[in-house]
Every structure is written in C-alpha cells, then in structure tokens.
Amino acid sequence: MREQHSSPPVIVIGAGIVGAATASFLALAGTPVRLLDASTPASGATGAADGAVSVASKRPGPMMTMARAGAALYRQLAEEGLFQGLFHRRPTFLVATSDAEADVLSDHSEALAEVGAPVLWLTRDMAADRLAPLSRKTVAVLEVEDEGHAIGYSIVSRLISAAGLKVERNSPVAALEYDGRSGRVSGVRVGEAVIEASAVVVAAGGGAGGLIGLPDVSRPRRGQQLVTERAPTLNAALPGSLLSCSYLLSKKQGGDADQRGYGVVIDPLETGQFLIGSTREEGRNIPENDIDAVAHLATSAGDMVPALGRLRILRCFAGIRTAICDGLPMVGRMPGIDNLFVAAGFEGDGICLGPLTGRIVADLVRGEEPEIDVSPFDPGRFAGRSIAA
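Residues numbered from 1 in each chain as written. Predicted model: local features only at pLDDT ≥ 70, side-chain atom pairs only at ≥ 80, totals over all residues. Heavy atoms only, no water.

1. Examining the pattern of salt bridges
As enumerated under the stated definition, the model contains 21 salt bridges in all. For E281, the salt bridge is made with R222, and the minimal N-O distance between the two is 2.7 Å. With E281 in strand β16 (residues 274–282) and R222 in strand β13 (residues 218–228), this residue pair connects regions lying 59 residues apart in the sequence. The same class applies to E281 and to R222, which are both buried. Here E347 and R280 are joined by a salt bridge, their closest N and O atoms 3.0 Å apart. Residue E347 is found in the loop between β19 (340–344) and α10 (350–365), and its partner R280 is found in strand β16; the two are separated by 67 residues along the sequence. Like E347, the residue R280 is buried in the burial classification. One network of salt bridges, with partners in common, ties together R219, R221, R280, E282, R321 and E347. (Salt bridge = Lys/Arg side-chain N within 4 Å of Asp/Glu carboxyl O. Helix = DSSP H or I, 4+ residues; strand = E, 2+ residues; numbered from the N terminus. Buried < 20%, exposed > 50% of the residue type's maximum accessible area, 1.4 Å probe, protein only.)

Have a look at this one:
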C-alpha cells in the first residue's frame, strides 16, 4: 500500500529534540512536513538527559564551537518567547580536586576562551564565597558564564506545539525507499505502507545508522543519573551546575565494551532537588541502573559537596545515548543522495545542540546556507563504508 500526496512532504524520522527541532523549523518556514517516531516524543535519549545547555562540558574543537552557537540560540529563543519559561540561564563551575585536574582545567579554559566563552578563575576566597557548600579539598574552580538548563521533553513539546505538528507515534520506519532511476529517496516504509516524501531527515538516534546504510559507525552508551530529595537552602547556595574535571576526562576515555567512565555533575534543579550524574558506559543498550554505579555517583557527589551526603536519593534512571565512532555527530546531506539528510550521534550533547542542529538541517533541506559551518560533522567522512543506495 502506498500513501499518496499531491505534494509529498519532508519526512523527519525521530521525535527527539533534534528531530522535533528540524520538523518545527521546517513547518514554521512553510514546508510541509511529517514527523514520525518509533514510540513517543522524547522517549529516548532526550527524555533521559540532564538538560545541560553547556559549552563548558564540550570537547575542544568543533563541538565546543557548535555548543557556543547552540547556547546563544537558546538565549535568543527564550528572549523571543519560543523557549520562554523553559530555558534557565546560569553559570557552570568546573571543579578540580587535584593538581593534575587543575592542569586539565587550565588547558580547557584556554579552549573555552578561544570560542569566546566568558570564563573567570575563582580564587579560594572567591570560591568559598560563591560556592559555600563546596568541599574545602577543591584545588581550582573555573566559572563559565552564558550557560543554562532546559528539560528536553519540555523543549520538544514546545517545538511541536509552536509549529502545529502532530507526531505520528508508534510508527517505526523499517527502511527508506529509493527511486531506481534517480537514486533519490522517494519515501519511507512503515509496516506495509510506503509514505512518499520529497526529502527525508533521519534523526532516529540509535536507529539512524541502519537506515542510512552505516550501521557500524555508531555505538550505544548508557548513562546513569540520580535525583535527590528537595533541599531548598542548599539548592539556593549553588548558583549553577558543578562539573568535576573527572567529567572532562571521562569524555577522553576509550571505547572498550566493558569500560565504565564516571564524570560527576551536580545540577541544582528548579524544584529544589539535585540531579547527580553520570556514568558513560560503552556498549550498554539496556536503560537500567545498578547499585555499584548509584553508590559511586552518590559518594563522589558527597565528596564534592558534603551536605549532599545527608540527602536521600529519591530516583535513579538511565538512558541510552548514541555515540559516533570518531566522537563527532553526523549532521548534513548524505553523499550522492541530494534529498537524504542525517542528524544523529550527539551522545550527551543533544540538548545543547538540538535546536541549533534542527535549524541548520531545516536550512539544508530548503536549499539555504546554514548559519555555521557543519563540515566537521559531514556524514560523507564515512564514504569509504557501505552507504545506502
């Protein structure tokens, strides 16, 4: 059975933050679009994310540059009203607890300064004043301004409603359909139906690689996180997120299937609670918690902020993120197929980069020049591997 349309729409596969942003910006620009999801909106990595809109946490290079633009877009859209009430501006404090970590932090501060992120080194007295609950074992603190926080599923909901979109839920795309003569994508297969399309954007997270013929370039990474009980006084004493240098180091670790990296982040939430994360577990594709990880995260957070050790953990959760083998997401047009686009593999950076990526991909689909250079993320860098069609 083939669904007919007088003017085939652009089909966006995946209603996480990247897919929802892409579909929303297309629709707001007047482009007919259908947004399909294998389950429900924000049910994957977006719904299990910590919500950090952070440049401070990114790897130096194109990811940090992209994040700087992504955070700026959040601020802009909050001021314009689209993200009003959803994006909360605040600084991030990078914390070193040893001389070795302080050296890592010094190098990281230089990279942040190169992309224009406003940074400030806090002396011990300044840190004691700004961050009174912080452990006195702290060696160095770097404050990074122009950061923020946004709940992923709330951003997705706002994008969908603002564009008047209806998500086609429980619609897993089994395969892409191609025109044998032109080689262009002609539609997508959902069950027994083929839905015609003028273009297709694959923003399906872990399912993206298989759909575009690159199943071996991505891998799952599990992240476990905790949420504490409310502690309003302690919460108010921390004006921003605390990010240990161990988090930066965990991003540099290798990809052994049995490897588990820890990077401590303490996030004061608007509810008065704290979100504590997170693990980085290669090859784990089941979103479940285990007691060793929960205990390690809770203990590490208590070492950084001793008062946290007296709070109850109310909830633990885990999410599966999709990481690309070279550490960079895929964003752009698939080589040799002028109407097939991909935006996937953001691992833990999707909340920060999602709206910006959606706007960039929407521009590409509409034949317009994107606002920033995304050539480092070009899926064509995997051209030596098997590619669909």
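2. Brief notes about the pairing of strand β11 (residues 193–196)
Burial along β11 is two-sided: A193 and I195 and V194 and E196, pointing in opposite directions, are all buried. Sheet topology places strand β10 (residues 185–190) next to β11; four bridges connect them, and they run antiparallel. Paired with V188 across the two strands is I195, which belongs to β11. With antiparallel pairing between neighbouring strands as the criterion, β10 and β11 make up a hairpin whose turn holds two residues, including G191 at a positive phi of roughly 65°. (Pairing = 2+ DSSP bridges.)

3. Digging into the packing of aromatic side chains
Taken as a whole and judged by the stated rule, the model has two aromatic pairs. Arranged with centres 5.3 Å apart and planes meeting at 40°, the rings of Y74 and F83 form a pair that is tilted. Summarising the burial analysis for this pair, Y74 and F83 share the class buried. Through a chain of ring-to-ring contacts, the aromatic side chains of Y74, F83 and F87 assemble into a single cluster. (Phe/Tyr/Trp six-rings, centres within 6.5 Å; stacked < 30°, edge-to-face > 60°.)

4. Notes on the nonpolar core
Y74, F83 and L94 are the most contacted members of the largest nonpolar core, which totals 71 residues. Other than its neighbours up to four places away in sequence, L94 contacts A56, L105, H108, L112, A140, V141, L142, V144, L243 and L248. Judged by nonpolar contacts, the second largest core, of 25 residues, contains I11, L36, V173 and V190. (Core = buried A, V, L, I, M, F, W, Y, C linked by side-chain atoms within 4.5 Å. Contact = heavy atoms within 4.5 Å.)

5. Considering the packing of helix α1 (residues 17–28) against α10
Running from N to C, α1 and α10 cross one another at 40°; their axes reach a closest spacing of 7 Å. Considering the angle they form, α1 stands oblique to α10. The two elements α1 and α10 cross, and the hand of that crossing is right-handed. In this structure, α1 uses I17, V18, A21, T22, F25 and L26 to contact α10, whose residues at the interface are G350, I351, G354, P355, T357, G358, R359, V361, A362 and V365. Here the residues of the contact of α1 with α10 are counted per class, giving 10 nonpolar, five polar and one charged. (Axes fitted to C-alpha atoms, helices over the stretch in contact; angles between N-to-C directions. Parallel < 35°, antiparallel > 145°, perpendicular 65-115°, else oblique. Left-handed = near helix turned anticlockwise from the far one by under 90°. Nonpolar A, V, L, I, M, F, W, Y, C, P; charged D, E, K, R; others polar.)

6. Considerations on helix α2 (residues 62–80)
Helix length check: α2 (19 residues) gives 27 Å between terminal C-alpha atoms against 27 Å at 1.5 Å per residue, within 8%. Taken from the residues just after α2, G81 is the one with a positive phi, measuring 110°. (Expected span 1.5 Å × (residues − 1).)

7. Examining the environment of G277
Structurally, G277 is set in strand β16. In this structure, the C-alpha to C-alpha distance between G277 and F317, residues 40 residues apart in sequence, is 9.9 Å. Those residues in contact with G277 that sit more than four places away from it in its chain are Q224, Q225, G263, V264, V265 and L297.

8. Structural notes on the sheet that holds strand β18 (residues 330–333)
Within the open sheet, the six strands sit side by side as β8-β3-β2-β12-β19-β18. Their pairing is mixed. At either margin of the open sheet sits one strand with a lone partner, and together these are β8 (167–168) and β18. Pairing of β18 with β19 involves four bridges; the strand directions are antiparallel. By the bridge assignment, R333 is partnered in β19 with F341. The strands that α1 touches are β2 (10–13), β3 (33–36), β12 (199–202) and β19; relative to β3, the one it contacts most, it runs at about 165°. The strands touched by α10 are β2, β12, β18 and β19; relative to β19, the strand with the most contacts, the crossing angle is about 175°.

9. Some points on unusual backbone geometry
Of note, the amide linkage connecting G277 to S278 takes the cis form, showing an omega dihedral of -20°. For S278, the location among the structural elements is in strand β16. The phi angle at D146 is positive, at roughly 65°, despite the residue not being glycine. Taking relative accessible area as the criterion, D146 reaches 22% and is therefore assigned partly exposed. For N170, which is not glycine, the phi torsion reads 50° and is therefore positive. With respect to the element layout, N170 can be found in the loop between β8 and β9 (175–178).

10. A look at the pairing of β10
Inspection of the sheet shows β9 paired to β10 by four bridges, in the antiparallel sense. Residue pairing in the sheet places L176 in a bridge with V188 of β10. From the end of β9 to the start of β10, which pair antiparallel, there are six residues, and G183 there has a positive phi angle of about 80°.

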